[in-house]
Amino acid sequence: MTDTMSELDELRDRLRSSMRPKKPKMLVVDDEPDNLDLLYRTFRREFRVYKAESGIEALDILEKEGEVAVIVSDQRMPEMKGTEFLSKTVTQFPNTVRIILTGFTDIEDLVEAINSGQVYKYITKPWDPNELRGVVKRAADTYELLKLKTEELEWSHAQMAVLGTLMQVAESASDAASCLDTIAQALGENFSAEACVLQLVENGSLAEAKARHGNSSAMELAGDPLVDKAIETLKIQGSANVSADADLSGLESYQNAGVQAHLVLPIAFRDRLRAVASLQWTQPNSVQEKEVEWIHRCAQQIALALTCADLA
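Attention here is on the structure that accompanies the text.

1. Details of the overall build of the protein
Then comes step 1: Regarding its fold elements, the protein presents 10 helices and 10 strands.
Then comes step 2: In the protein, buried positions account for 45% of the 312 residues.
Then comes step 3: Here the contacts in the protein between residues at least 6 apart in sequence split such that 62% fall between residues at least 24 apart.
Then comes step 4: Split by element, the accessible area of the protein, about 16,200 Å² in all, is 47% carbon and sulfur.

2. Some thoughts on a negative patch on the surface
Then comes step 1: Residues E53, E57, D60 and E63 make up a contiguous surface patch of negative charge.
Then comes step 2: Turning to its location among the elements, D60 is positioned in helix α3 (residues 55–65).
Then comes step 3: With relative accessibility at 51%, the residue D60 sits in the exposed group.

3. With respect to unusual backbone geometry
With the exception of glycine, most residues fall at negative phi, and the peptide bonds are largely trans.
Then comes step 1: Looking along the chain, the bond that leaves K125 and enters P126 is cis, with omega of 0 degrees.
Then comes step 2: Of note, P126 is situated in the loop between β5 (121–124) and α6 (129–172).

4. Focus: helix α8 (residues 225–233)
Then comes step 1: Here α8 has its buried residues at L226, V227, A230 and I231. The buried residues of α8 all sit within an arc of 135 degrees when viewed along its axis, so they share a single face.
Then comes step 2: Here the buried face of α8 lies against β7 (205–214), β8 (237–239), α9 (252–257), β9 (261–269) and β10 (272–281).
Then comes step 3: With a side-chain oxygen positioned 3.0 Å from the backbone nitrogen of L226, the residue opening α8 is D224.
Then comes step 4: Phi turns positive one or two residues past the end of α8, at L234, with a value near 60 degrees.

5. Describing the sheet that holds strand β3 (residues 70–74)
Then comes step 1: With parallel pairing, five strands are arranged side by side in an open sheet as β2-β1-β3-β4-β5. Looking along the sheet, the strands with just one partner apiece sit at the ends: β2 (48–52) and β5. Neighbour to neighbour, the strand axes of the sheet diverge by 20 degrees on average, direction disregarded.
Then comes step 2: Contacting β1 (25–29), β2, β3 and β4 (97–102), helix α2 (residues 33–43) runs over the sheet at an angle of about 175 degrees to β2.
Then comes step 3: Where α3 meets the sheet, its contacts fall on β1, β2 and β3, and the angle it forms with β2 comes to roughly 140 degrees.

About the cut-offs
Residues numbered from 1 in each chain as written. Predicted model: local features only at pLDDT ≥ 70, side-chain atom pairs only at ≥ 80, totals over all residues. Heavy atoms only, no water. Helix = DSSP H or I, 4+ residues; strand = E, 2+ residues; numbered from the N terminus. Buried < 20%, exposed > 50% of the residue type's maximum accessible area, 1.4 Å probe, protein only. Contact = heavy atoms within 4.5 Å. Areas by Shrake-Rupley, 256 points an atom, 1.4 Å probe, with all protein chains shown as cover. Patch = residues over 30% accessible without salt bridge, like charges linked within 9 Å, V, L, I, M, F, W, Y side chains within 5 Å. Salt bridge = Lys/Arg side-chain N within 4 Å of Asp/Glu carboxyl O. Lys, Arg positive; Asp, Glu negative; His and termini not counted. Charge placed at Lys NZ, Arg CZ, Asp CG, Glu CD. Arc of directions from axis to C-beta. Polar contact = N/O pair within 3.5 Å; in protein donor to acceptor, adjacent residues only side chain to side chain. Pairing = 2+ DSSP bridges. Axes fitted to C-alpha atoms, helices over the stretch in contact; angles between N-to-C directions.

Spelled out as structure tokens, the structure:
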């Protein structure tokens, strides 16, 4: 157990050292350019701020950039009220926290929006910068909590799905090679990897039998430094940000495949290496510290499933 915990701590340290903290994203919407610029200047140090002069433009930004932590929108705008715009974001971005700025007494619209969960809080104009900063800070904290709970629920469902797949494989497969495709698919989808390569190992070297899931241009495992080290040490290897990794960033294989995050799992049962699994992402920081223990447990379950398949 001590060796296992030491290995997991080492992996966490490697991932943490390659990650750069990201600013939370924020969208500000106001049809008056001066107000929009003031909102941008108020929050640009703490947030990655996107600006829109209308609800329509704001929806286009969300379509392109994806979920943001906080939306601050003026209420009275031509074409589309702030509450109308915010209502259009709820289904696609349920965790985003929404704040309305209003200089009018549109109580009916605001009460309806607040009661339906579309608006977290409203601020009357002219707004005080310090007050608004405080409200937005609390909104960002609320977003992180909501996102965490959602991710934990999704994560729990994904784990159960993978374990179910591995149990089925262990019971029904005729040999290890015949179940590689099923395991590679379950593993790749569980970790939202662009590509997963699962390859058997014989006598300490990569064998011919392998399976791919996802991106057809996935890197080959032969000759990869992380794969070689995983085989040598029987320890999980990974880089959460390849472009910041001096040992990997210049390699042609990573550049050609566009891999920006890579995790290699040695699949071993009772110190016998059965296979190697490679998870590849095209975005950095796709491997999270909280996933480390589940990654290790998943590798152990795969090893058991492959062993059971060979004994069938």
